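Observations on the three-dimensional arrangement
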Amino acid sequence: MLNTLIKNIRELVPLTEPEVELICDAFKPRHLKKKEHLLQKGEPSNHMRFVSEGCMKVYSVEKDGQDHILQFGISGWWINDLYAFLTKNPATFFIQAITDSTMYQIHRDRLNELYDEVPMMDRFFRIKTQNGYVALQERTILSMSETAEQRYSRFINRYRDMEQQIPQYMIASYLGITPEHLSAIRKKRSTQGFS
């Protein structure tokens, strides 16, 4: 399973075999059952986490008790309350397994040591943080300018594999619409010949 992690890192930076061994020793597995929380609001977020298997969600709970999903994470993705990790403030979000999942995580102290041992890891996380910021900006801008239909279309075009793993009510929450509205959009698309 660590092969997925190493492949993900090598997509952005080169690694020698001794560096791969150091990385594999530094990341520890964590198995979660469906609906088990990886992180609760208010807890410290001290780990960088990579989803090896399964599907996760990052969400907040609104005052009315409704979940608002900010991010999904499937195999090959990184998932975290990054703000809490970077600022060392308590987590503002929850992270929960949608399905049985396996993560690989590294504690911040060990990660800082790994930056010295494998300098490319520092570059890797800098690039990942930059890409994450750009994706967040893009999502924010598009959510203000696109219709719900356009947001759903973009979601399924970009994340086809993910759409099959995630219940529709969670996708609706991520898109900022009601499950009923998503159902109407899907029905309209099916009558127009979209899959």
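Residues numbered from 1 in each chain as written. Predicted model: local features only at pLDDT ≥ 70, side-chain atom pairs only at ≥ 80, totals over all residues. Heavy atoms only, no water.

**Re the overall build of the protein**
Quick note on the threshold: Put simply, DSSP H or I for four residues or longer makes a helix, DSSP E for two residues or longer makes a strand, and each gets a number counted from the N terminus. With the radius of gyration taken over C-alpha atoms, the globule rule is written as 2.2 Å times the number of residues to the power 0.38. Throughout, exposure labels follow a simple rule: accessible area from a 1.4 Å probe, protein chains only, divided by the maximum for the residue type, with under 20% read as buried, over 50% as exposed, and the rest as partly exposed. Contacts are assigned to residue pairs with any non-hydrogen atoms lying within 4.5 Å of each other. In this description, accessible areas are obtained by the Shrake-Rupley approach with a 1.4 Å probe, and a residue is regarded as covered only by the protein chains that are shown. His is not counted, nor are the chain ends; Lys and Arg add positive charge and Asp and Glu add negative charge. Charge positions come from single atoms, namely NZ of Lys, CZ of Arg, CG of Asp or CD of Glu.
Each helix and strand in the protein was counted, giving nine helices and seven strands. In terms of overall dimensions, the protein is globule-like: its C-alpha atoms have a radius of gyration of 18 Å, near the 16 Å expected for 195 residues. Referenced to the eigenvectors of the C-alpha coordinate spread, the extents of the protein come out at roughly 55 × 35 × 30 Å. Per-residue burial over the protein gives 39% buried out of 195 residues. Expressed as a percentage of contacts within the protein between residues at least 6 apart in sequence, the contacts between residues at least 24 apart total 68%. Entry remark: accessible area of the protein is about 11000 Å², with carbon and sulfur atoms responsible for 52%. Side chains of the protein give 26 positive and 24 negative charges; the mean places of these two sets differ by 6 Å.

**Considerations on the pairing of strand β6 (residues 94-97)**
What counts here: Being paired, for any two strands, means DSSP has found at least two bridges between them.
Of the two faces of β6, both are covered, the one formed by Phe94 and Gln96 as well as the one formed by Ile95 and Ala97. Note: strand β2 (residues 37-39) against β6, two bridges, orientation antiparallel. Residue pairing for β6: Leu39 is matched across the bridge by Ile95. With four bridges connecting them, strand β4 (residues 55-61) and β6 associate as antiparallel partners. What sits directly across from Tyr59, in β6, is Phe94.

**Regarding helix α5 (residues 119-145)**
In an α-helix there are 3.6 residues to a turn, and that puts residues three or four apart on one side. Note the cut-off: Here a helix's expected span is defined as the number of its residues, less one, multiplied by 1.5 Å.
Counted at 1.5 Å a residue, the expected span for α5 with its 27 residues is 39 Å, and the 40 Å between its end C-alpha atoms agrees. Here the buried face of α5 lies against α1 (2-10), α2 (17-26), β3 (47-53) and α4 (108-117).

**Considerations on the sheet that holds β6**
Formally: Lines fitted to C-alpha atoms define the axes, with helix axes restricted to the stretch in contact, and inter-axis angles between N-to-C directions lie between 0 and 180 degrees.
Spatial ordering of the open sheet is given by β2-β6-β4-β5, a layout of four strands whose pairing is antiparallel. Unpaired on one side and paired on the other, β2 and β5 (67-74) mark the two borders of the sheet. Each adjacent strand pair in this sheet contributes to an overall mean axis angle of 30°, direction not counted. Where helix α8 (residues 168-175) meets the sheet, its contacts fall on β4 and β5, and the angle it forms with β5 comes to roughly 110°.

**As for the packing of aromatic side chains**
What counts is decided by this rule: We call Phe, Tyr and Trp rings a pair once their centres come within 6.5 Å, taking the six-membered ring for Trp, and we label the pair stacked below 30 degrees between planes, edge-to-face above 60, and tilted otherwise.
Going through the model one piece at a time under the given rule, you end up with 12 aromatic pairs. Seen from their ring centres, Tyr115 and Phe125 are 6.3 Å apart, and the 65° between their planes marks the pair as edge-to-face. Residue Tyr115 is located in helix α4, and its partner Phe125 is located in helix α5; the two are separated by 10 residues in the primary sequence. Ring centres of Phe124 and Phe125 lie 5.1 Å apart, and the angle between their planes is 75°; on these two criteria the pair is classed as edge-to-face.

**Side note on the pattern of salt bridges**
Basically, it comes down to this: The rule for a salt bridge is simple: a side-chain nitrogen of Lys or Arg has to be within 4 Å of a carboxyl oxygen of Asp or Glu.
For the structure on display, the rule yields six salt bridges. The residue Arg10 makes a salt bridge to Glu17 at a minimum N-O spacing of 2.9 Å. Glu117 is the partner of Arg110 in a salt bridge, and the nearest nitrogen-oxygen pair spans 3.0 Å. The network of salt bridges with common partners includes Arg110, Glu113 and Glu117.

**Here we look at the packing of α1 against α2**
Here is the rule we go by: By the definition adopted for this analysis, an angle is roughly parallel if under 35 degrees, roughly antiparallel if over 145, roughly perpendicular if from 65 to 115, and oblique otherwise. Should the near helix be turned anticlockwise from the far one by less than a right angle, the crossing is left-handed, and should it be turned clockwise, the crossing is right-handed. In this classification, Asp, Glu, Lys and Arg are treated as charged, Ala, Val, Leu, Ile, Met, Phe, Trp, Tyr, Cys and Pro as nonpolar, and every other residue, Gly included, as polar.
Contact pair α1 / α2: the axes reach a minimum separation of 11 Å and the direction vectors enclose 125°. Classed by the angle they form, the pair α1 and α2 counts as oblique. Considering only the axes of α1 and α2, their crossing is right-handed. Here α1 contributes Leu2, Leu5, Ile6, Ile9 and Arg10 to the contact with α2, which in turn contributes Glu17, Val20, Ile23 and Cys24. Looking at the contact of α1 with α2, its residues break down into seven nonpolar, no polar and two charged.

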